[in-house]
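Summary of structural features
Chain by chain, the residues run as shown.
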Amino acid sequence: MDDFGLFRDVLDRGGYSASNIAMILGPNEFLPGDPVNTRFFHYRAGLGGTTGTLIRIFLTHTGTGVEEARQALAPIPLEDWAAAGFLELSGDTVRGRIRLHTASDVILAVDPAEAASRPDQVMGLTQASLLAANFTLRRPVNRFLDLGTGNGIQALLASPQARQVFATDVSPRAVEFARFNARLNRRTNVRCLAGGLFEPVRGQLFDQIVSNPPFFISPDSRLLYRDSGMRLDGMVRQIIGEAPGYLNEGGYCQLLANWVHLKGEDWKQRILSWQEGTGCDLWVLRTEVLDPATYARNWINETTGGAENPFDEWLRFYEQENIEAIGSGMIAMRKKTGGANWHRIEEFTPVSPAPFGEAVEQGFRLTDYVNGTSDAELSRAVLQGAPGLTLNQHARFDAGRWLTEAAEIRLTSGIPFRAQLDQNSLRLLTGCDGRKTFGEVLSGFPQNAWPSCFQVARSLVWRGFLLPA
Ligand SMILES: C[S@@+](CC[C@H](N)C(=O)[O-])C[C@H]1O[C@@H](n2cnc3c(N)ncnc32)[C@H](O)[C@@H]1O
């Protein structure tokens, strides 16, 4: 048994967890080279006892005195922490050689801010890492692949759901970090392999593939975690094209993606052309679309810490490439050969950072249901509102009675879809009470309205507002 987990035990006893850190520091996302915040969080950590000391060593990276560190990291001697790669021991101050980020029950070693200029910097957790984790289906699987693992976050989070997890990265340094983190978290079923994209697992099949790849679009190719070195959205296109060859039937590939909106080209058609011939159903959830200037500004702020400013160069590139906007979002594919494949493209604004993988899986099931159910079958089905479905109505008092002017339904968990309903759709929705068949609900409507009622019911089920009971 690997005793690297003993280091983890000390961190656990010292209260080094995502929730404790958030309690002591408040909301905290460290950007490289952010001196004011660093001092602010160093100060806050000073109020946090042993956990605060660990934060100063491993998160703010501002360090503590030797005796204080010795106590917080006991019973393992400081020298052993240093020999294992956790600490720098120089003079009177003890600091981490790495930073330790936390997510769920996982603790991850990542590069310190000083490494920001390295092309192979192993970056810390970002909003994108957490979005990818929340998007991931959490069903039990045999073989799981994390493509572009970096610090290993997606692989480590998948470890409890999979018999075997493979984590690949083109950067040997990232693979080293992922391996270190698998040991630190006692994830014994994670294998970390170096190589570009699918190269290290050529010829193998998986039940699930997840990737938060370097999807960023610019002329730059300097940072491994950000720049794929491929033209425009070539990295996303390549993963969509190659992943199906590595999926078992019924297996899923999920990735975060950016794609270009070119002048004169329909961006949806661009993505759909990548689906062709894959033998997969495809679901795109677009979270954002930005004009090139805003996109460039955001990424420069986030990834260069203001140390350099390639803004004008990038803008010239977007202009030359005919890019009028850049879309971001999540793409899920499911391998389904031997029949027609469907696609969905929708908008999705995550409202709170909670897992919604189950809703993604449900979305695939409901789309199958809607596509595979005839009107006659739907008439015999019993439908009911989804748990947590809310209905908001605006009514106006007119000539002695209340008239509903607008009705909006919204899902409060999973994927927070919302929709405006007209009077008929509202009646249809509220008629589906989990007891009557849809045919019985339909009988309350004039026959000439039935075709549109079927359509409305299908779109309500499709989005998960109504569920087959
Ligand atoms: C955005 S980071 C994601 C890290 C981590 N998976 C996460 O979710 O936070 C992208 C990772 O992909 C790796 N990468 C870049 N190009 C790659 C390639 N061609 N094949 C495999 N991995 C690659 C980078 O080294 C980096 O670790």
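Anything mentioned here points back to the structure above.
My aim in this report is to walk through the structure given alongside it, one point at a time.

Turning next to the overall build of the protein chain. In terms of regular secondary structure, the protein chain is built from 18 helices and 19 strands. In terms of C-alpha radius of gyration, the protein chain reaches 25 Å, essentially the compact-globule figure of 23 Å for 469 residues. Reported as C-alpha extents along the three principal axes, the dimensions of the protein chain are approximately 85 × 50 × 50 Å. Counting all 469 residues of the protein chain, 39% fall into the buried class. By sequence separation, contacts in the protein chain at least 24 residues apart represent 68% of the contacts at least 6 residues apart.

Attention now goes to the packing of helix 2 (residues 18-25) against helix 4 (residues 49-58). One way to put it is that helix 2 packs onto helix 4 with a least axis distance of 10 Å and a crossing angle of 90°. The pairing of helix 2 with helix 4 is recorded here as roughly perpendicular in orientation. From helix 2, N20, I21, I24 and L25 reach across to helix 4, where they touch T51, G52 and I55. Broken down by class, the residue content of the contact of helix 2 with helix 4 amounts to four nonpolar, three polar and no charged.

Let us now look at the site of the ligand. The immediate surroundings of the ligand are formed by 20 residues, with S129, G148, G150, V170 and N212 found nearest. Of all the secondary-structure elements, those providing two or more residues to the shell around the ligand are helix 7 (127-135), helix 8 (153-158) and strand 7 (162-169). Of the residues that constitute the shell around the ligand, the class distribution is nine nonpolar, ten polar and one charged.

For the rest of this paragraph, the subject is helix 10 (residues 234-242). Those residues of helix 10 not exposed but buried are M235, V236, I239 and I240. All buried residues of helix 10 lie within an arc of 130° about the axis, which places them on one face of the element.

Further remarks concern the sheet that holds strand 19 (residues 466-468). Taken together, three strands build an open sheet; the order of strands is 18-14-19 and the sheet is antiparallel. The sheet is open, and its two borders are formed by strand 18 (433-437) and strand 19, each paired with just one other strand. Neighbour-to-neighbour, the strand axes of the sheet open up by a mean angle of 30°, direction not taken into account. In terms of strand pairing, strand 14 (residues 382-385) meets strand 18 through two bridges, oriented antiparallel. Its bridge partner lying in strand 18, Q384 is registered against D433.

Between two packed helices, what matters for the description is the angle formed by their axes and the separation of those axes. With their axes 10 Å apart at the nearest point, helix 12 (residues 292-304) and helix 13 (residues 311-320) run at an angle of 145° to one another. In the packing of helix 12 onto helix 13, the handedness of the crossing is right-handed. Counted together, P292, A293, A296, R297 and I300 of helix 12 and F311, W314, L315 and Y318 of helix 13 form the full contact between these two elements. Taken together, the residues of the contact of helix 12 with helix 13 break down into eight nonpolar, no polar and one charged.

The rules behind the values
- Residues numbered from 1 in each chain as written.
- Predicted model: local features only at pLDDT ≥ 70, side-chain atom pairs only at ≥ 80, totals over all residues.
- Helix = DSSP H or I, 4+ residues; strand = E, 2+ residues; numbered from the N terminus.
- Rg over C-alpha atoms; globule rule 2.2 N^0.38 Å.
- Buried ≥ 20, exposed ≤ 12 C-beta atoms within 10 Å, placed from the backbone.
- Contact = placed C-beta atoms within 7 Å.
- Axes fitted to C-alpha atoms, helices over the stretch in contact; angles between N-to-C directions.
- Parallel < 35°, antiparallel > 145°, perpendicular 65-115°, else oblique.
- Nonpolar A, V, L, I, M, F, W, Y, C, P; charged D, E, K, R; others polar.
- Near = placed C-beta within 6 Å.
- Arc of directions from axis to C-beta.
- Pairing = 2+ DSSP bridges.
- Left-handed = near helix turned anticlockwise from the far one by under 90°.

Treat this as a map of the structure, not an account of what it does.
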